[in-house]
Amino acid sequence: MKLALSRDEYRDRVYACWLGKNVGGTLGTPHECKKEQLHLTFYDPVPDGALPNDDLDLQLVWLAMLEERGVHPSLDDFADYWLKHLSPYPWNEYGFCRRNLGRGLRPPISGCFENYYVDEMGSPIRSEIWACTAPGDPELAAELAWSDSAMDHAGGEGTCGEMFWAATQSAAFVETDPLTLIRIGLNMIPLSSNIARSIREAVWCRENEIPYQEAYQSIRRNFGLEQPCNAIQNHGFTILGWLYGQDFGDKLCKAVNCGYDTDCTGATLGATLGILDGTAGIPKKWSDPVGTGIKLHPYTKDLNAPKDIEELTQRTVAVAEKMLAGRSERVEFGGRTHLGGETLSHLLRNDRALRARSRDPQSTIARVDEFDLALHYGGEPVLRPGEDKTIGLSLKHRDEPVPATFEVVATGCEVQPDGTLLGRHRFVLRSHSIEGTTKVLVVARSEGRTFQKEFVILGPEEAKGFGAGRNVPTCPKCHAWIDACVC
């Protein structure tokens with residue numbers, strides 16, 4: 001029997017999620033990247049509306065994608081919408097994702113190759129769209145979050161963070177205990193991840209009655225990194241605010257007062273509290289200064305975005321209706337909420353998350369006729385003259401392997417079969433002269449059906465590396481990515 005969610009209660013919590021996101025993000029934005037401890041008790045300065053925030057903008061792009069492409073988006077869909085709407089974003093992982101897409105690489109390899117920032121906050125801040133469109137189904141929300149994070153954080157801590165929050169917030173539609181919710185989120189990510197360890201330290205401090213100040217210092221000492229937007233310490237700070245705060249405002253301030261990526265920690269916690277307690281849980285003194293309008297960042301292009309939180313809520317609910325009907329095996333909408341006796345066991349299931357995590361980050365996964373055809377690079381997506389490059393190929397349907405035969409044609413290359421490894425059919429490519437990008441045509445055949453896709457491998461001149469901590473070139477006037485400026 002499926003869990004039933006009251007449409008009216010669900011809708012109120014979605015509205016509160018987006019409102020809380022704006023409140024927390026607006027509280028933290030003026031103090032972003034300050035690494036000293038802060039002492040806020042309210043907005044400083046007090047705003048006269050919500051501040052623009054990429055935490056929300058990228059999710060509005062995914063909302064449009066779900067509306068236009070349906071509730072089974074492929075990684076190709078994510079790449080298409082990034083190129084169409086998000087190309088100007090130059091910062092950290094965003095810029096390197098766009099750089100890779102421009103070179104012909106597609107996710108998930110676009111999310112990790114020559115990308116120093118895979119452990120940062122760019123994808124954990126995009127969790128709410130998956131939680132709100134898969135309410136009460138945390139493993140589905142986590143699976144969707146993996147696909148999103150593959151764009152710019154593949155194989156990194158950022159993926160763990162987005163999967164954690166998507167699951168935690170999805171479960172918050174039907175579960176109220178913070179420690180239980182955190183446990184559900186942690187069940188979707190590796191025990192050994194640094195984000196999981198940072199979160200567990202915050203929980204341990206609270207359960208052992210360690211004072212807030214000592215807990216804050218423990219996160220900084222054991223998990224703090226120089227880069228303020230690194231996700232590891234910021235997840236610990238968000239959990240500290242949630243567990244140590246006394247009420248809505250105090251929780252947000254305790255998270256933001258830890259410093260570092262303050263707009264992200266505030267926005268994520270504000271959204272989580274909104275889902276938990278609905279609109280009644282957000283005091284007017286916090287919501288009135290930000291209002292209900294939505295203000296896009298100038299780098300978000302050509303998007304039919306909701307004009308306010310009311311429209312955003314309506315559109316989110318409409319997608320959720322399709323998502324639960326089309327993809328959830330466990331949740332449906334009804335006139336009233338009915339959870340049943342096995343709710344916690346249902347919330348702790350992580351099959352979908354485990355399957356998502358089993359996908360190879362060093363690959364390109366292309367959707368062909370509802371099947372996923374993958375080229376596994378076995379390392380960097382680069383072919384060098386005179387050196388053998390061994391690639392792998394696989395065909396799957398809904399993450400389940402499909403028996404197939406493969407043929408490979410690579411421009412200017414000798415191609416030799418090389419057996420199988422890890423369920424992948426391997427081929428060795430060799431070329432003595434490489435100019436630019438090598439195109440690799442893959443043809444897969446299975447049970448009378450033929451699937452084909454063209455992939456790319458970079459030449460050495462197109463893959464000279466990029467220094468750690470540096471960013472892509474930007475326009476000197478508008479400061480967007482130089483190849484997509486908004487001047």
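Our subject in this report is the structure included herewith. (Residues numbered from 1 in each chain as written. Predicted model: local features only at pLDDT ≥ 70, side-chain atom pairs only at ≥ 80, totals over all residues. Heavy atoms only, no water.)

## Description of the packing of helix α1 (residues 7–28) against helix α15 (residues 309–327)
Next, step 1: With their axes 9 Å apart at the nearest point, α1 and α15 run at an angle of 130° to one another. Classified by the angle between their axes, α1 and α15 sit oblique to one another. Judged by the twist between their axes, the crossing of α1 over α15 is right-handed. Counting all contacts with α1, which are made through Arg7, Tyr10, Arg11, Val14, Tyr15, Trp18, Leu19 and Asn22, the residues of α15 involved are Ile309, Glu310, Leu312, Thr313, Gln314, Thr316, Val317, Ala320 and Glu321. (Axes fitted to C-alpha atoms, helices over the stretch in contact; angles between N-to-C directions. Helix = DSSP H or I, 4+ residues; strand = E, 2+ residues; numbered from the N terminus. Parallel < 35°, antiparallel > 145°, perpendicular 65-115°, else oblique. Left-handed = near helix turned anticlockwise from the far one by under 90°. Contact = heavy atoms within 4.5 Å.)

## Some points on empty space enclosed by the protein
Next, step 1: Inspection of every chain in the model, using the stated rule, returns three cavities of 30 Å³ or more.
Next, step 2: The space that makes up the largest cavity amounts to roughly 50 Å³.
Next, step 3: Lining the largest cavity, in full, are Leu5, Ser6, Glu9, Tyr10, Arg13, Phe173 and Thr337.
Next, step 4: Taken together, the elements giving at least two residues each to the lining of the largest cavity come down to β1 (3–6) and α1.
Next, step 5: Top contributing element to the lining of the largest cavity by residue count: α1, with three residues.
Next, step 6: Within the lining of the largest cavity, the residues separate by chemical class into three nonpolar, two polar and two charged.
Next, step 7: As a volume, the second largest cavity reaches approximately 40 Å³.
Next, step 8: For the lining of the second largest cavity, the per-class residue count stands at five nonpolar, two polar and two charged. (1 Å grid on protein atoms, 1.4 Å probe; cavity = no way out; pocket = protein on both sides within 12 Å on 5 of 7 lines; lining within 4 Å. Points joined across faces, edges and corners; volume = space filled by probe spheres on them. Nonpolar A, V, L, I, M, F, W, Y, C, P; charged D, E, K, R; others polar.)

## Topic: the layout of surface pockets
Next, step 1: For the largest pocket, the calculated volume is near 990 Å³.
Next, step 2: Taken together, 41 residues form the lining of the largest pocket, with Arg359, Asp372, His397, Arg398 and Asp399 sitting closest to its centre.
Next, step 3: The residue inventory of the lining of the largest pocket, partitioned by class, reads twelve nonpolar, ten polar and 19 charged.
Next, step 4: Of the pockets and cavities examined, the second largest pocket occupies roughly 280 Å³.
Next, step 5: Forming the boundary of the second largest pocket are 19 residues, of which Glu32, Asp54, Trp91, Tyr94 and Asp263 lie nearest the centre.
Next, step 6: Elements with a minimum of two residues in the lining of the second largest pocket: α2 (54–69), α4 (92–102) and α13 (262–277).
Next, step 7: With three residues, α4 is the largest single contributor of residues to the lining of the second largest pocket.
Next, step 8: Taken together, the residues that form the lining of the second largest pocket break down as seven nonpolar, five polar and seven charged.

## Quick word on the packing of helix α10 (residues 212–223) against helix α11 (residues 231–244)
Relative orientation and spacing of two packed helices are given, respectively, by the angle between their axes and the distance between those axes.
Next, step 1: Packing of α10 against α11 leaves a shortest axis separation of 9 Å and a crossing angle of 165°. Comparing their axes, α11 and α10 come out roughly antiparallel. For the pair α10 and α11, the crossing hand works out as right-handed. Touching Tyr212, Ala215, Tyr216, Ile219, Arg220 and Phe223 of α10 are Ile232, Gln233, Gly236, Phe237, Leu240 and Tyr244, all from α11.
Next, step 2: Residues of the contact of α10 with α11, tallied by class, amount to nine nonpolar, two polar and one charged.

## With respect to the pattern of salt bridges
Next, step 1: Per the counting criterion, the structure on display carries 28 salt bridges.
Next, step 2: Residue Glu143 pairs with Arg327 through a salt bridge whose shortest N-O separation is 3.2 Å. Of this pair, Glu143 sits in helix α6 (residues 138–149) while Arg327 is found in helix α15, placing the two residues 184 residues apart along the sequence.
Next, step 3: You can call Arg327 buried: its relative accessible area is 14%.
Next, step 4: Between Asp372 and Arg367 there is a salt bridge, with its nearest N and O atoms 2.6 Å apart.
Next, step 5: Take Asp372: its relative accessible area is 16%, and that puts it in the buried class.
Next, step 6: Look at the salt bridges and you will find they share partners, linking Glu143, Arg327, Arg352, Arg359 and Asp399 into a network. (Salt bridge = Lys/Arg side-chain N within 4 Å of Asp/Glu carboxyl O. Buried < 20%, exposed > 50% of the residue type's maximum accessible area, 1.4 Å probe, protein only.)

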